[in-house]
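# Inside the fold
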Amino acid sequence: MGHYRSIRGGFVALMAWALGLSAHAAPPPTLEDILKPSQTDIVKISPNGKYVAATVRKPENNQNRMLLAIIDRETNKPVRVLDPEEKAEISRVWWVNDQRLYVMSTWGGDNVQQYYLDPRIVAINVDGSRIRSFYATIVDTLIDDDEHLLIERCAKNTHKGCLTYVQKVDEDHWKGPRIADAPAVDTSFFTDNAGHVLFASAWGDDRIQKVWIRKGEGWEIFNDESQSGVEIGLIGTSRDDRHVFILTERKAGPDVIERLTLATGERSEVMSDPVLDPAFVLWSADGRQPIGAAYGLGVPRARFWDAADPDAKLLRGMEKSFPDDAIAFANGSRDGQHIVVNVWSDRDPGSFYLLDRATKRMDLVARVKPWLSPDALARSEPIAFTTRDGIELHGYLTMPNAVSTPPPLVVMPHGGPFDVKDGWRYDEESQILAANGYAVLRINYRGSDGRGIAFEHSGYRQWGLKIMDDIVDGTRWAMSGGRIDPKRVCLWGTSFGGYASLMGIVREPDMYRCAISTAGPTNLVITRKWGDTHQSEWGRNYLDEAVGDNEVELYEQSPVKHVAKIKVPVLLVHGDHDQRVSFEHARAMVAAMEKAGKPMETFFFDDETHGIYGDENRREYYGRVLKFLRTNIGAQ
């Protein structure tokens, strides 16, 4: 690995360009506009509110690296720019005190375009001094302790994983007391605002979660999924560390948020919805405690467990200023007076504002993609329909702007299929299609995240069965509404979405006019023999439980078994280095289609993994997709 380069001064023009405050009005964006890498994706204020650290993409940098600029708020000029090594970009940033930051990067491999997180941490002071590089898993940066941090270290490697412990160290010598030993292998730790280790959690090879609570020098079981039947998620503590907020699954219905009183062990429900899981948790301005959660199929709106909390009142008032956007405190100074506010929507991938609480002044600092005009992008409308067996499902219909006749429709099943959902947010592929005259339907079929564990489990072992029924029923709903052209409908998806696209034209050969499968499984039996999922006991248990263990039934639900039913054009896309859905799936589909005498277009990348990541590859890929759609259901 190479070195980070700390640069001082000389970047005023760069920052003025990068932190541009407005996007000009524009016609529908071009493919190049939409695919252009984000300009800024992290903005963090220092604990004392003096500095803002913001990632920024240097325009003349051929590698499109994301740099980190440290900006003095008084002068609005960068005092330091941190440039990562070639073929790497900054991806995570922590302020550990008023003058010091920790930074992590992603880096590109030699043979593939996908970037991977570098476990190395680079530490630097604002003035450029004390540059250090180290490898550590940070448990807590102890923002109120400028001299120490909590890290996780491996005490013993076993065939099941690593037995770890938490150590409080000073950064200079990496020495200090051992705070807590893990109760199991591959454990995650949870701390309060004061840096006390409160909980540990782990998942076994049986996919069962266990959570322990710290008692003295030892641990007690707090939640054992094998007994309770549900998992929990530890959110955060109250500012005074007396309470812990927990996201708790319910055996029936959506997840709820509970408050645990540490002194008594009492748990009480503080937030729930009859249909939906929380869209996201809302935090206080200083980032020290959760104050509520946002809910909604459309614009997610805040709900607070204490509506009188000053931060709750502030955020509620700001929502009124952004009626079409989601809004949340991203991070803030230690005193909560200077706040980075994140605003986003279905037509805005994200904007960052800086709020001065004393003056009530709120300035736009940066936009993720400032060249995209929200007015030129398409809205994603929340929709609902009832399946053939009486289940209400939700999704999103994105219509192209200014259409005079019903447009063609592209149905886009999401990947996963489990623990994943389509949400109300900026969706790049939907905007690509809408800008080219296509309507887009995204469906949260059974098995999707967002409606509780029972809803997710209802999709288990239903890959080619009820999940496909849901996708077909959603398509019929869209076709019957008169808003799209029912004679021009195509499927396009990635991973499970690619599988569903192929199964769609198998199940309903006369409904869809074409299908695009990217990195999609084509033979579910192969999934148990190729790829990285089956290589671990955890993965094999997942396949047994969620996909199925009867190879006859799995083959019956595989596109390769039914190629004779395919009557429409197919585009098959795959990366040679795909470790999740092995390239063997593509080979199997090609062989089956050739044997059946069925024509098919293929587009294979020799430098891609599970998805398309390289800038040039993405331009070529989406250009090919648009050409394929234009040929088969082309927008007029």
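The following refers to the structure shown. (Residues numbered from 1 in each chain as written. Predicted model: local features only at pLDDT ≥ 70, side-chain atom pairs only at ≥ 80, totals over all residues. Heavy atoms only, no water.)

This part takes up the packing of aromatic side chains. Tallying each qualifying case throughout the model produces 21 aromatic pairs. Ring geometry for tyrosine 445 and phenylalanine 496: centres 5.6 Å apart, planes at 50°, overall tilted. Here phenylalanine 496 lies in helix H8 (residues 496-507) and tyrosine 445 lies in the loop between strand E33 (439-444) and helix H6 (453-457), a separation of 51 residues in the sequence. Note on tyrosine 445: relative accessible area 0%, which makes it buried. Judged by its relative accessible area of 1%, phenylalanine 496 falls in the buried class. Centre to centre, the rings of tryptophan 463 and phenylalanine 496 are 5.0 Å apart; their planes meet at 85°, and the pair counts as edge-to-face. One end of the pair, tryptophan 463, is in the loop between H6 and helix H7 (466-480); the other, phenylalanine 496, is in helix H8, with 33 residues separating them in the sequence. The buried category is assigned to tryptophan 463, whose relative accessible area is 7%. (Phe/Tyr/Trp six-rings, centres within 6.5 Å; stacked < 30°, edge-to-face > 60°. Helix = DSSP H or I, 4+ residues; strand = E, 2+ residues; numbered from the N terminus. Buried < 20%, exposed > 50% of the residue type's maximum accessible area, 1.4 Å probe, protein only.)

Below, the discussion takes up the pairing of strand E24 (residues 290-295). Burial analysis of E24 places 6 of its 6 residues in the buried class, the great majority of the element. In terms of strand pairing, strand E23 (residues 280-283) meets E24 through 4 bridges, oriented antiparallel. The partner of phenylalanine 280 across the bridge, within E24, is alanine 294. Where E23 hands over to E24, the hairpin turn is made up of 6 residues, of which glycine 287 adopts a positive phi near 75°. (Pairing = 2+ DSSP bridges.)

What follows covers the packing of H7 against H8. Packing of H7 against H8 leaves a shortest axis separation of 10 Å and a crossing angle of 75°. As far as their axial angle goes, H8 and H7 are roughly perpendicular. Residues Ile467, Met468, Asp469 and Ile471 of H7 touch H8, and the partners they reach there are Phe496, Ala500, Met503, Gly504 and Arg507. Residue composition of the contact of H7 with H8, grouped by class: 6 nonpolar, 1 polar and 2 charged. (Axes fitted to C-alpha atoms, helices over the stretch in contact; angles between N-to-C directions. Parallel < 35°, antiparallel > 145°, perpendicular 65-115°, else oblique. Contact = heavy atoms within 4.5 Å. Nonpolar A, V, L, I, M, F, W, Y, C, P; charged D, E, K, R; others polar.)

Below, the discussion takes up the sheet that holds strand E14 (residues 178-181). Taking strand neighbours across the sheet as the criterion, the 4 strands line up as E11-E12-E13-E14 in an open arrangement whose pairing is antiparallel. Unpaired on one side and paired on the other, strand E11 (137-140) and E14 mark the two borders of the sheet. Neighbour-to-neighbour, the strand axes of the sheet open up by a mean angle of 35°, direction not taken into account. Strand direction decides the pairing type here: strand E12 (residues 148-158) and strand E13 (residues 161-170), joined by 10 bridges, are antiparallel. Within E13, the position partnered with cysteine 154 by the bridge is threonine 164.

In protein structure, a disulfide is the covalent linkage between the sulfur atoms of two cysteines. Going through the model one piece at a time under the given rule, you end up with 2 disulfides. Each sulfur of the disulfide joining cysteine 154 and cysteine 162 lies 1.7 Å from the other. Take cysteine 154: its relative accessible area is 38%, and that puts it in the partly exposed class. Exposure remark for cysteine 162: the relative accessible area of 11% places this residue in the buried category. Across the disulfide, cysteine 490 is cross-linked to cysteine 514 (sulfur-sulfur distance 2.2 Å). Of note, the bridge from cysteine 490 to cysteine 514 carries an S-S torsion of about -130° and is left-handed in sense. With cysteine 490 in strand E34 (residues 489-494) and cysteine 514 in strand E35 (residues 514-518), the pair connects residues that are 24 residues apart, well separated along the chain. Taken individually, cysteine 490 and cysteine 514 each receive the classification buried, so the pair is uniform in this respect. Here the disulfide map of the chain reads 1-2, 3-4, the bonded cysteines being numbered as they appear in the sequence. (Disulfide = S-S within 2.5 Å.)

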